[in-house]
Amino acid sequence: MQYLGVNFDIKHVPELDPGFIPFGVWVNSYLEGAKQPIAIAVERNEGQVSVRRTFIHGTPEMAEADYRYVERVVKFLLWSIGGFKVTVCGCSQLTQRLQKAYTADGERAFDYDFFQKLYERELTIIDLPLEQCPQSNEAPKPIGGHLDGCRIGFDAGGSDRKVSAVIDGEVVYSEEVVWHPKKNPDPNYQYQGILDSFRTAASKMPRVDAIGVSSAGTFIGNAPMISSIFYCVPRDRWDEVKTVFDRAAAEIGDVPCVVANDGDVSALAGAMGMGCGKIMGLAMGTSEAVGYVDADKNVLGWITELAFAPVDLSEDAMQDEWSTDFGVGCKYFSQDSVNKLAPRAGIELDENLTPAEKLKVVQALMAQDDERAAKVFRDIGKYLAYTVVLYDRFYDIEHLMLLGRVMSGKGGDLILETCNAVLADEYPALAKKVNVMLPDEKTRRVGQSAAAASLPALR
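Residues numbered from 1 in each chain as written. Predicted model: local features only at pLDDT ≥ 70, side-chain atom pairs only at ≥ 80, totals over all residues. Heavy atoms only, no water.

(A) Molecular detail of helix H4 (residues 109-119). Along H4, the positions that sit buried rather than exposed are Phe110, Asp111, Tyr112, Phe114, Phe115, Leu118 and Tyr119. Tucked into the core, H4 has its buried residues touching helix H2 (63-81), strand S12 (218-220) and strand S13 (223-226). (Buried < 20%, exposed > 50% of the residue type's maximum accessible area, 1.4 Å probe, protein only. Helix = DSSP H or I, 4+ residues; strand = E, 2+ residues; numbered from the N terminus. Contact = heavy atoms within 4.5 Å.)

In structure tokens form, the structure reads like this:
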């Protein structure tokens, strides 16, 4: 196969998506002939800077391949690390194209707007010579694992909220409550739901020593800056959103409260269950949710919003309606991927069904060993294997833990089986390094809300 003058091979082409161009595989081939050094530095809050050094070809005939590579890497870095300043060092022509793309009316207008809202300052693309590249300044931080005392653990999901009362690491009470935060523009709705769950858990313990929260979104401190559970809340009421968890916690008492991204809490649950680090948790549900803890069970201070990071370079890839980009992770590792592939396999889905209901239809067929459904889940397994090649470039992964409703039942088993088979066949060294797995029983017992309870250290 060839793309932009770069030849690459994949042995296990997705049957229902033969045009799939895995970014990670293409990058491996692209870099074989790239000799001109460049560097990309991404600065985020608290003066943290991540630097990635790489190469381009720097020749006229490879100009488009060079731009595609740098543009996709910058996009991946933004959505994995987060940042408000991207400094590209050593390739002025490419940087000037990026500067035009990352504007309010440019090709990457969504990304420009997102990071401006996240950090409350303009996203800028800076051009510098290679020798003036900023210095790296990373600041990994420990996350959770505290079991002492009486704790509340809360998991704010998009369709239900879960809360646990935990005493010295043992769950003494838990409940799930259906709610509809994505449809409510008044943040008082979310606040009252959070407070109600906190009070319920508090009533099951003699006291409350700490509160930990797992929630979809990106956070600075405990403040949600972007979050799907506040999807409909207008920006002029966002000051109420930023304080929602702290205000609810204050109603319970003067106790430490820590809020973390739900993907990172999933990875923490894995670390607590398996007793090790270098874990990426990847949940395939309504969207793709990812978290990571390093060898020391620290979080990197990265946003790891890989739902919007590129995985497929195909010009015909499915478009993400929200970000308007093509080939990003949420269309490959979520219920959208199942619903995209099912009609190609000959499965008719009623358009009046919700995406979650469509997924259940395909899963029901898979439970009956329907070969059409098997093709769908097998192809997602192929997507995943080739994306492990990509993710391993940016994260040091030894355990990739697969979660979410797409991974339930026979379909999830087939995704896992296919992914591992493709890796073993084409990337045996990577297959030995990365253990792609479902959560073990101990990790399942830890659970998301119970892991969230371990987030704060006691005063």
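(B) Quick peek at empty space enclosed by the protein. Tallying each qualifying case throughout the model produces one cavity of 30 Å³ or more. There is about 50 Å³ of room inside the largest cavity. Lining of the largest cavity is provided by Phe23, Val27, Arg52, Tyr69, Val73, Leu390, Arg393 and Phe394. Among the secondary structure elements, those contributing two or more residues to the lining of the largest cavity are helix H1 (23-32), H2 and helix H11 (371-394). (1 Å grid on protein atoms, 1.4 Å probe; cavity = no way out; pocket = protein on both sides within 12 Å on 5 of 7 lines; lining within 4 Å. Points joined across faces, edges and corners; volume = space filled by probe spheres on them.)

(C) Geometry of the packing of aromatic side chains. Evaluated as defined, the whole model comprises 24 aromatic pairs. Here a set of aromatic residues connected by ring pairs shows up, and it is made of Trp79, Phe110, Phe114, Phe115, Tyr231, Phe308 and Trp322. For the cation-ring pair, Lys204 lies above Tyr173, with the distance from its terminal atom to the ring centre recorded as 4.8 Å. The positively charged end of Arg235 is found above the aromatic ring belonging to Trp238, 4.2 Å away from the centroid. (Phe/Tyr/Trp six-rings, centres within 6.5 Å; stacked < 30°, edge-to-face > 60°. Lys NZ or Arg CZ within 6 Å of the ring centre and 35° of its normal.)

(D) Region of interest: the layout of surface pockets. Approximately 720 Å³ is the volume attributed to the second largest pocket. If you trace the second largest pocket, you find 33 residues lining it, with Phe219, Gly221, Val259, Val299 and Gly301 closest to the centre. Contributing elements (two or more residues each) for the lining of the second largest pocket: H4, strand S7 (141-142), S12 and strand S14 (257-261). For the lining of the second largest pocket, the residue count by class is 18 nonpolar, eleven polar and four charged. (Nonpolar A, V, L, I, M, F, W, Y, C, P; charged D, E, K, R; others polar.)

(E) Main features of the pattern of salt bridges. This structure, assessed with the given rule, holds 38 salt bridges. Between Glu240 and Arg237 there is a salt bridge, with the nearest N and O atoms lying 2.8 Å from each other. You can call Arg237 partly exposed: its relative accessible area is 28%. Residue Glu321 is joined to Lys331 by a salt bridge in which the shortest nitrogen-to-oxygen separation is 2.7 Å. Separated by ten residues along the polypeptide, Glu321 in the loop between strand S17 (298-299) and helix H9 (335-344) and Lys331 in the loop between S17 and H9 bring together distant segments of the chain. Where salt bridges share partners, they join Arg68, Glu71, Arg72, Lys75, Glu107, Arg108, Asp111 and Asp325 into one cluster. (Salt bridge = Lys/Arg side-chain N within 4 Å of Asp/Glu carboxyl O.)

(F) Focus on unusual backbone geometry. In this structure, Asp168 is a non-glycine residue whose phi angle is positive, near 50°. Residue placement: Asp168 occurs in the loop between strand S9 (160-167) and strand S10 (170-178). With a phi angle near 55°, Lys278 is a residue other than glycine that sits in the positive phi range. Position of Lys278 relative to the elements: it lies in the loop between helix H8 (262-274) and strand S15 (279-284).

(G) Spotlight on the sheet that holds strand S3 (residues 36-43). Sheet architecture is open: four strands sit in the order S4-S3-S5-S6, paired in mixed fashion. Across the chains shown, the open sheet's two edge strands, defined by having one partner strand only, are strand S4 (49-56) and strand S6 (124-128). Across this sheet, the average inter-strand angle for adjacent strands is 20°, counted without regard to direction. By the bridge criterion, five bridges tie strand S5 (residues 85-89) to S6 in an arrangement that is parallel. In the strand pairing of S6, Thr87 is matched with Ile126. (Pairing = 2+ DSSP bridges. Axes fitted to C-alpha atoms, helices over the stretch in contact; angles between N-to-C directions.)

(H) Quick peek at the side chain of Ser334. Looking at the element boundaries, Ser334 is found in the loop between S17 and H9. The exposure class of Ser334 is buried, given its relative accessible area of 1%. Among residues more than four places away in sequence, those in contact with Ser334 are Met284, Gly285, Thr286, Ser287, Glu288 and Val406.

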